[in-house]
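# Residue-level structure breakdown
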Amino acid sequence: MVQLEEILQRLPHAFPFRMIDRILEIEPGRRAIVCKNVSVDEPFLQGHFPKEPVLPAVLILEAMAQTGGLAFQSLSGKEEGGLPALARVDESG
């Protein structure tokens, strides 16, 4: 498991835009499992439905993009440097 200190070295994102707190598992070229800790008092949970806190989809997508960036870094063997970016999301499988 990769802890926050190493994630901070790999991802250039600063609070509140870093959406990954732990890397639980990476299989290069196949999959990645990460964790984002969210508490009920997070300010971005207050907006959509005041009585039903929901993480906005754009933040879920950002977490997925950051996960993809980390997975790409592990596949390339270059875990620091560069700036991986999500260029497109589509329905193709």
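As shown above, the structure is provided for reference.
Below is a short write-up of the structure. Within each chain, residue numbers correspond to sequence positions counted from 1 in written order. Where local features are concerned, this predicted model is filtered to residues with pLDDT of at least 70; where side-chain atom pairs are given and counted, the filter is 80 or more; whole-chain, interface and lining totals use all residues. To obtain the side-chain values, all non-hydrogen atoms of the structure were used and water was disregarded.

A run of H or I in DSSP counts as a helix once it spans at least four residues, and a run of E counts as a strand once it spans at least two, with each numbered from the N terminus. Across its full length, the protein chain holds 2 helices and 2 strands. When the helices and strands of the protein chain are read in sequence order from the N terminus, they spell out α-β-β-α. Throughout, exposure labels follow a simple rule: accessible area from a 1.4 Å probe, protein chains only, divided by the maximum for the residue type, with under 20% read as buried, over 50% as exposed, and the rest as partly exposed. Considering the protein chain as a whole, with its 93 residues, one finds that 23% of them fall into the buried category. A 1.4 Å probe and the Shrake-Rupley method give the accessible areas. Residues count as covered only by the protein chains that appear here. A total accessible area of about 6700 Å² is found for the protein chain, and carbon and sulfur atoms account for 59% of it.

Another point: the pattern of salt bridges. When a carboxyl oxygen of Asp or Glu lies within 4 Å of a side-chain nitrogen of Lys or Arg, that pair is called a salt bridge. The final tally for this structure, using the stated rule, is 4 salt bridges. The partner of R18 in a salt bridge is D21, with the nearest N and O atoms 2.9 Å apart. Residue classification places R18 among the buried residues on the basis of a relative accessible area of 11%. A salt bridge links K36 to D21; the shortest N-O distance between them is 3.9 Å.

Two faces belong to every sheet, and in a regular strand the side chains alternate between them. Pairing of strand β1 (residues 22-27) with strand β2 (residues 31-35), which is carried by 5 bridges, proceeds in the antiparallel orientation. Each bridged residue has a counterpart across the sheet, and for R22 the counterpart in β2 is C35. The turn joining β1 and β2, which pair antiparallel and follow one another in sequence, is formed by 3 residues; a positive phi near 80° is taken by G29. The rule for pairing is simple: two strands pair if DSSP sees at least two bridges between them.

Relative to the helices and strands, P53 resides in the loop between β2 and α2 (57-76). Judged by relative accessible area, P53 falls into the partly exposed class, the value being 43%. Linking P53 and E42, residues 11 residues apart in sequence, is a C-alpha distance of 9.2 Å. Residue contacts are counted whenever heavy atoms from the two residues lie within 4.5 Å of one another. With residues up to four places along the chain from it excluded, the contact list for P53 reads V40 and L45.

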